[in-house]
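Here are the chains, one letter per residue:
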Amino acid sequence: MPAEYLPLLIYFLVCVFIAGAALILPHYLGPYRPNKAKSEVVESGKLVYDDARRRVPVQYYMIAMLFILFDIEVLFFYPWAVLFWDLKWYGLIQIGIFAFLLIESYLYIRKKGALEWE
């Protein structure tokens, strides 16, 4: 039985080797040319001008939470698509209800103005 896992072990070792090489080799093979522009603090491609502890609008968090919520909900479509022919009408009705609630939730959020910046 352990011999059956040998290909999996070899695959794992090859993946670890490739990941390690991809992380370590650029450090030794890449050029090192420091300058003033490279050593400045940059966040999201913009230079920092203010204090990092400033208040962030609530809409920022609302958009982040809604993205996570809808992203996870859309993941439920994949198992349904895999079992589409086995579920028949029951699965179609269930995913129809799910999609309706998903679209209705999105329209409710748009109506309430949670996605708009003030």
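As the structure is a prediction and not an experimental result, all values here were calculated from the model. (Residues numbered from 1 in each chain as written. Predicted model: local features only at pLDDT ≥ 70, side-chain atom pairs only at ≥ 80, totals over all residues. Heavy atoms only, no water.)

### With respect to the overall build of the protein chain
Part 1: Along the protein chain, the regular secondary structure elements total 5 helices and 2 strands.
Part 2: The order of α-helices and β-strands along the protein chain, N terminus first, is α-α-β-β-α-α-α.
Part 3: Relative to its 118 residues, the protein chain shows a buried fraction of 7%.
Part 4: In the protein chain, of all internal contacts separated by at least 6 residues, the share reaching a separation of at least 24 is 58%.
Part 5: Element-wise, carbon and sulfur atoms account for 69% of the exposed surface of the protein chain, whose accessible area totals about 11400 Å². (Helix = DSSP H or I, 4+ residues; strand = E, 2+ residues; numbered from the N terminus. Buried < 20%, exposed > 50% of the residue type's maximum accessible area, 1.4 Å probe, protein only. Contact = heavy atoms within 4.5 Å. Areas by Shrake-Rupley, 256 points an atom, 1.4 Å probe, with all protein chains shown as cover.)

### Structural notes on a nonpolar patch on the surface
Part 1: A cluster of nonpolar side chains, namely L6, L9, I10, F12, L13, V14, V16, F17 and I18, defines an oily patch on the protein surface of about 900 Å² accessible area.
Part 2: Relative to the elements of secondary structure, L6 occurs in helix 1 (residues 6-29).
Part 3: Overall, L6 belongs to the partly exposed group, its relative accessible area being 46%. (Patch = residues over 30% accessible without salt bridge, like charges linked within 9 Å, V, L, I, M, F, W, Y side chains within 5 Å. Salt bridge = Lys/Arg side-chain N within 4 Å of Asp/Glu carboxyl O.)

### Details of the packing of aromatic side chains
Part 1: Under the defined criterion, the tally for this structure stands at 5 aromatic pairs.
Part 2: Measuring from ring centre to ring centre gives 6.0 Å for F76 and F98, while their planes differ by 85°; the resulting arrangement is edge-to-face. Of this pair, F76 sits in the loop between helix 3 (58-75) and helix 4 (77-82) while F98 sits in helix 5 (residues 84-112), and the two are 22 residues apart along the sequence.
Part 3: Relative to W85, the ring of F84 lies with its centre 4.9 Å away and its plane at 70°, an arrangement referred to as edge-to-face.
Part 4: Residue W85 is classed as exposed on the basis of its relative accessible area of 70%.
Part 5: Among the aromatic side chains, those forming a connected cluster through ring pairs are F76, F77 and F98. (Phe/Tyr/Trp six-rings, centres within 6.5 Å; stacked < 30°, edge-to-face > 60°.)

### What to know about unusual backbone geometry
Generally, phi is negative for residues other than glycine and the peptide bonds are trans, each holding for most cases.
Part 1: Residue K88 is not a glycine yet carries a positive backbone phi of 55°.
Part 2: Relative to the elements of secondary structure, K88 occurs in helix 5.
Part 3: According to the relative accessible area criterion, K88 is exposed, its value standing at 59%.

### A few points about the packing of helix 3 against helix 5
Geometrically, a packed helix pair is captured by the angle between its two axes and the distance between the axes.
Part 1: The N-to-C vectors of helix 3 and helix 5 enclose an angle of 165°; their axes lie 11 Å apart at closest approach. Taken as axis vectors, helix 3 and helix 5 run roughly antiparallel relative to one another. Where helix 3 crosses over helix 5, the two elements pack in a sense that is left-handed. Along its contact with helix 3, which presents L66, F70, E73 and V74, the element helix 5 presents F98, L102, S105, Y106 and I109.
Part 2: When its residues are assigned to classes, the contact of helix 3 with helix 5 shows 7 nonpolar, 1 polar and 1 charged. (Axes fitted to C-alpha atoms, helices over the stretch in contact; angles between N-to-C directions. Parallel < 35°, antiparallel > 145°, perpendicular 65-115°, else oblique. Left-handed = near helix turned anticlockwise from the far one by under 90°. Nonpolar A, V, L, I, M, F, W, Y, C, P; charged D, E, K, R; others polar.)

### So, the environment of F84
Part 1: Within the element layout of this structure, F84 appears in helix 5.
Part 2: By relative accessible area, which is 27% here, F84 ends up partly exposed.
Part 3: Along the sequence, F84 and I95 sit 11 residues apart, while their C-alpha atoms lie 9.9 Å from each other.

### Details of the confidence of the model for the protein chain
Part 1: For the protein chain, the mean per-residue pLDDT works out to 84, and 86% of the residues sit at or above 70.
Part 2: Within the protein chain, no element has a lower average pLDDT than strand 2 (residues 46-47), which sits at 68, and none a higher one than helix 1, at 95. (pLDDT = per-residue confidence, 0-100.)

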